[in-house]
Amino acid sequence: MEQDYQNIFKTQQEYFQSTLKTERVFNRKERLRKLKKWIKQNQNSIQEALYNDFKKVPEEVLISEIKPVISEINHALKSLRDWTAHQKVTTPISLIGARARIIPEAKGVCLVIAPWNFPFMLAVGPVISALAAGNTVVLKPSEMTPHTEQLLQRLFKEVFSPKLATVVTGGVKETQQLLELPWNHIFFTGSPQVGKVVMRKVASLLTSVTLELGGRNPAIITEKAVLTNTAKKLAWGKFFNNGQSCVSPNYILIDKKIKEQFIREFKFEFVEMYGNYPKEIKNNKSLTRIVNQHHYKRLTSLLDKAIENGAKVLFGNHRDEKDNYLSPTLLDNVTPDNPIFKEEIFGPILPILTYETKKDALNIVLSTDTPLAFYVFTESKKEQNYFLKNTRAGTTVFNDTTLQFAHPNLPFGGIGTSGIGKAHGYYGFLEFTNQRSVLKQRTWGAISQLIYPKYNTLKKAIIKIITWYE
Ligand code: NAD
């Protein structure tokens, strides 16, 4: 197996050196067009694969798996000329005579490791950035979504030559073997725990990494929020993909005075979207399932522990183990010492915590790791600034959730424990690019030679002038 990986790596390395390094940007665009055509022609197969993996709702596949990938391609096609342009930079007086520019060049042979929660989009998205930047790429999809894994294998076989882009399959053992190879860049999307494993593993080779990780995303609601609107947006943002999203709100932190009113509004909006009675909610065609038994057990045991520690179920907690089904569950009476507050939930459970002062709310947020997404619901600019300036987060959204992911001009990624580096559009392109500095010196009369030894009185005077600073 390891030998296969080495061959794949070597073949791509040779192809990169012999062909990609010197080819025209036009060829990259052609590849992206081909990929786009395949995706458009195979929309039904993509929806089918995701339904077979975890009953992912076909409309949500369109919204969150297919459309973002098509947008990413369109954005790259439109912008690639600008992104790849050599950038001339001005030269300081001490280097007079020299010319300088920055060349965005491909890093080389890249590895993309994808998670299961958006198994198509989070696999193909980084591949688009890698190819737009002129690299070769090996994709390792998640083993937890085998139908999508198979579909991706077919896609790559039909669209790319394996010396340019290929899929390898496997779980932990295979990924660890892949990490032994001297990749020129690794783009990993997954949990912070495995992100650490990846970084440790590649440290000895000093491989550059992008780590798109997760965390506990807060949703603060203040007295100045428009509650009906807030409730509607949170009911959608939380239960989209059944809460299995890296930008899903992990907990609500609400001003104590408006909690009861918010709960009423939230229940109303939830019923509008998913139904009222347990059977109706379960049979609703808008609710994706938990991905597998392992995650079903993790979530139900987390919920049991939360209840043992004082959490009160406001609605939900209906279970069907055979269908990996846990109904969307709203929890009250959750305090920061409850185990459910201490983990990334990544499923259909939403705990509500309360605060009395904004400072208390801030302290609760600051007591956790740095989140990937930070949501604040308030109409007050003063409050927005207060929470923005006093916290750290990969992305921040006022009065909505999740949609930051869909903005092509915003970098997407975490900070600290939620990740290193950014994805999407130009920022994704940059991750797979070396900003190579090129300085072209004159072969006559370069003033830099005036500072070479021996340091006589004249040289000393020149050095004094050249190194003068304010
Ligand atoms: P995961 O970390 O378990 O797995 C991700 C990938 O790593 C998979 O391909 C898996 O095969 C591989 N892997 C797992 N364990 C490994 C190990 N010990 N050594 C080497 N490779 C290993 O993540 P997941 O469960 O697939 O996805 C959920 C996590 O991903 C959540 O924490 C979520 O927040 C995060 N996530 C982040 C983003 C983002 O864009 N920042 C997007 C989606 C998911």
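Keep in mind it's a predicted model, so treat the numbers as computed, not measured. (Residues numbered from 1 in each chain as written. Predicted model: local features only at pLDDT ≥ 70, side-chain atom pairs only at ≥ 80, totals over all residues. Heavy atoms only, no water.)

**Focus: the sheet that holds strand β3 (residues 109–113)**
Thinking step 1. The mixed open sheet is built from six strands, whose spatial order is β5-β4-β3-β6-β7-β17. Looking at the sheet topology across the chains shown, the edges are occupied by β5 (165–167) and β17 (419–420).
Thinking step 2. Bridge count for strand β7 (residues 209–212) against β17 is two bridges, and the pairing is antiparallel. Considered in β17, the bridge of E212 is made with G419.
Thinking step 3. Its contacts with the sheet place helix α6 (residues 146–159) against β4 (136–140) and β5, and it is angled at close to 155° to β5.
Thinking step 4. Against the sheet, helix α8 (residues 192–203) touches β6 (185–189), β7 and β17, its axis set at about 170° to β7. (Pairing = 2+ DSSP bridges. Helix = DSSP H or I, 4+ residues; strand = E, 2+ residues; numbered from the N terminus. Contact = heavy atoms within 4.5 Å. Axes fitted to C-alpha atoms, helices over the stretch in contact; angles between N-to-C directions.)

**Quick look at the side chain of T230**
Thinking step 1. Checked against the element boundaries, T230 lands in helix α9 (residues 227–239).
Thinking step 2. With residues up to four places along the chain from it excluded, the contact list for T230 reads I221, A225, F262 and F377.

**What to know about the nonpolar core**
Thinking step 1. Core analysis: the biggest nonpolar cluster contains 89 residues, and I39, F120, I221 and F266 have the highest contact counts within it.
Thinking step 2. Looking at which domains feed residues into this core, each of domain 1 (2–213 + 421–434) and domain 2 (218–409) gives three or more.
Thinking step 3. Dropping the residues within four chain positions of it, F120 is found in contact with I39, I46, L50, E65, V69, T148, L151, L152 and L155.
Thinking step 4. Counting residues in hydrophobic clusters, the runner-up holds 26 residues, among them V334, Y355, I364 and V365. (Core = buried A, V, L, I, M, F, W, Y, C linked by side-chain atoms within 4.5 Å. Buried < 20%, exposed > 50% of the residue type's maximum accessible area, 1.4 Å probe, protein only. Domains from an automatic or database assignment.)

**Description of the site of the ligand**
Thinking step 1. The full set close to the ligand counts 28 residues, and A114, E143, S191, L213 and E344 are the nearest of them.
Thinking step 2. At 2.9 Å, a side-chain N or O of Q176 approaches a nitrogen atom of the ligand.
Thinking step 3. Here an oxygen atom of the ligand and a side-chain polar atom of S191 are 2.7 Å apart.
Thinking step 4. Every element with two or more residues in the shell around the ligand is listed here: α7 (172–178), β6 and α8.
Thinking step 5. Across the shell around the ligand, the residue classes tally to 16 nonpolar, eight polar and four charged.
Thinking step 6. When residues of the shell around the ligand are assigned to domains, at least three map to each of domain 1 (2–213 + 421–434) and domain 2 (218–409). (Near = heavy atom within 4 Å. Polar contact = N/O pair within 3.5 Å; in protein donor to acceptor, adjacent residues only side chain to side chain. Nonpolar A, V, L, I, M, F, W, Y, C, P; charged D, E, K, R; others polar.)

**Some thoughts on the pattern of salt bridges**
Any two side chains of opposite charge can pair if their charged atoms end up close together.
Thinking step 1. All told, the structure shown has 20 salt bridges when counted by the stated rule.
Thinking step 2. The salt bridge involving R154 is made with E158; its shortest N-O contact spans 3.3 Å. With R154 and E158 both in helix α6 and four residues apart, this pair spans about one turn of that helix.
Thinking step 3. Classification of E158 by relative accessible area gives partly exposed; the value is 45%.
Thinking step 4. Two residues, K297 and E321, come together in a salt bridge whose shortest N-O distance is 3.6 Å. Separated by 24 residues along the polypeptide, K297 in helix α12 (residues 293–308) and E321 in the loop between β11 (319–320) and β12 (325–326) bring together distant segments of the chain.
Thinking step 5. The exposure class of E321 is partly exposed, given its relative accessible area of 38%. (Salt bridge = Lys/Arg side-chain N within 4 Å of Asp/Glu carboxyl O.)

**Observations regarding the packing of helix α2 (residues 25–41) against helix α4 (residues 58–84)**
Thinking step 1. Relative orientation of the contacting elements α2 and α4 amounts to 170°, with a least axis distance of 10 Å. In terms of orientation, α2 lies roughly antiparallel with respect to α4. In the packing of α2 onto α4, the handedness of the crossing is left-handed. Residues V25, R28, K29, L32, R33, L35, K36, I39 and K40 of α2 form the contact with α4, whose participating residues are I66, V69, I70, I73, N74, A76, L77, L80, R81 and T84.
Thinking step 2. Considered class by class, the residues forming the contact of α2 with α4 number eleven nonpolar, two polar and six charged. (Parallel < 35°, antiparallel > 145°, perpendicular 65-115°, else oblique. Left-handed = near helix turned anticlockwise from the far one by under 90°.)

**Focus on the packing of aromatic side chains**
Thinking step 1. Applying the stated criterion to the full structure yields 20 aromatic pairs.
Thinking step 2. Ring centres of F187 and F432 lie 5.6 Å apart, and the angle between their planes is 10°; this geometry places the pair in the stacked category. Here F432 lies in the loop between α15 (425–431) and β18 (433–440) and F187 lies in strand β6, a separation of 245 residues in the sequence.
Thinking step 3. We classify F432 as buried; its relative accessible area is 0%.
Thinking step 4. Relative to F412, the ring of F405 has its centre 4.6 Å away and its plane inclined at 70°; by these criteria the two rings are edge-to-face.
Thinking step 5. Residue classification places F405 among the buried residues on the basis of a relative accessible area of 16%.
Thinking step 6. Assessed through its relative accessible area of 4%, F412 is described here as buried. (Phe/Tyr/Trp six-rings, centres within 6.5 Å; stacked < 30°, edge-to-face > 60°.)

**Observations concerning the pairing of β4**
Thinking step 1. Of all five residues that make up β4, five are buried, and the element is covered over most of its length.
Thinking step 2. Side chains of β4 alternate between two faces, with T136, V138 and K140 and V137 and L139 buried alike.
Thinking step 3. Pairing of β3 with β4 involves five bridges; the strand directions are parallel. Along β4, the bridge assignment pairs I113 with K140.
Thinking step 4. As for the winding sense of the linkage, the β-α-β connection from β3 through helix α5 (residues 121–132) to β4 is right-handed.
Thinking step 5. Pairing between β4 and β5: three bridges, direction parallel. (Right-handed = clockwise from strand over helix to strand, strands pointing away.)

The quantities given are spatial measurements derived from coordinates; they are silent on function.
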